[in-house]
Amino acid sequence: MTIKLKSVKKLSPTNSLTNAIIDYVALKGGFAVRINTSGIPIIVNGRVMGWRPSKSKGHSDIYIVYNGKYIGVEIKKDDKLSPDQELFKNNIQSAGGMYWEIREFETFQKLFEKLK
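Residues numbered from 1 in each chain as written. Predicted model: local features only at pLDDT ≥ 70, side-chain atom pairs only at ≥ 80, totals over all residues. Heavy atoms only, no water.

Caption draft 1: Inspection of the sheet that holds strand β4 (residues 62–66) at higher detail. Pairing is mixed in the open sheet, where four strands are placed in the order β1-β4-β5-β6. Looking at the sheet topology across the chains shown, the edges are occupied by β1 (31–34) and β6 (98–102). Adjacent strand axes in the sheet meet at a mean angle of 20 degrees when their direction is disregarded. Bridge analysis of β4 against strand β5 (residues 69–75) gives five bridges, and the strand direction is antiparallel. For Tyr63, the partnering residue across the bridge sits in β5 and is Gly72. Along the sheet face, helix α1 (residues 13–27) touches β1, β4, β5 and β6 and points at about 155 degrees away from the line of β1. (Pairing = 2+ DSSP bridges. Helix = DSSP H or I, 4+ residues; strand = E, 2+ residues; numbered from the N terminus. Axes fitted to C-alpha atoms, helices over the stretch in contact; angles between N-to-C directions. Contact = heavy atoms within 4.5 Å.)

Now the structure itself:
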């Protein structure tokens, strides 16, 4: 008997970093959730025909709550923050929250460990 294994989709570096951060926060006893603001698919006859834009632009990729502190985390690899992301960052910081632009796990880990 031959067993076919389901192929495992390889994650992009950005998705891998996002998942690593969420897992790390959970291991440390915090709460983290990924926020998807890519829009809503327009489905006609079971097929995606396009995308309706999200009304909320600029949100960070991950929301974290740890020891009563809020941290918005934006995952970036090669690009920079959009004007909407800059506005979201300013709004979070003005309200007393933290906003981190993260490009590698080690940077996140160092910032996170300083929260204690």
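Still more to cover.
Caption draft 2: Up close: the nonpolar core. Counting 17 residues, the largest nonpolar core has Ile21, Ile64, Val73, Phe108 and Phe112 as the members making the most contacts within it. Within the residue set of this core, elements represented by two or more residues are α1, β4, β5, β6 and α3 (105–113). Examining the composition of this core, we find that five residues originate from one element, α1, more than from any other. Those residues in contact with Phe108, other than ones at most four positions away along the chain, are Ile21, Tyr24, Val25, Ile64, Val73, Trp100 and Ile102. Counting residues in each nonpolar core, the second largest holds five residues, with Tyr63, Leu81, Phe88 and Tyr99 among its members. (Core = buried A, V, L, I, M, F, W, Y, C linked by side-chain atoms within 4.5 Å. Buried < 20%, exposed > 50% of the residue type's maximum accessible area, 1.4 Å probe, protein only.)

Caption draft 3: How the structure looks around the environment of Lys80. Structurally, the position occupied by Lys80 is in the loop between β5 and α2 (83–94). Among the residues examined, Lys80 registers a relative accessible area of 69% and is labelled exposed. Along the primary structure Lys80 and Glu101 are separated by 21 residues, whereas in three dimensions their C-alpha atoms are 9.1 Å apart. Discounting residues that sit within four places of it in the chain, Lys80 has contacts with Gln85 and Arg103.

Caption draft 4: Seen up close, the pattern of salt bridges. Under the counting rule described, the total for this entry stands at four salt bridges. Residues Lys76 and Glu74 are paired through a salt bridge, measuring 3.8 Å at the closest nitrogen-oxygen approach. Asp79 is the salt-bridge partner of Lys76, the closest N and O atoms lying 3.3 Å from each other. Exposure remark for Asp79: the relative accessible area of 42% places this residue in the partly exposed category. Residues joined by salt bridges that share partners form a network here, namely Glu74, Lys76 and Asp79. (Salt bridge = Lys/Arg side-chain N within 4 Å of Asp/Glu carboxyl O.)

Caption draft 5: Quick look at the pairing of β4. Burial runs high along β4: four of the five residues are buried. Of the strand pairs in this sheet, β1 and β4 are connected by four bridges, and their pairing is antiparallel. Its bridge partner being in β4, Val33 is matched across the sheet by Tyr63.

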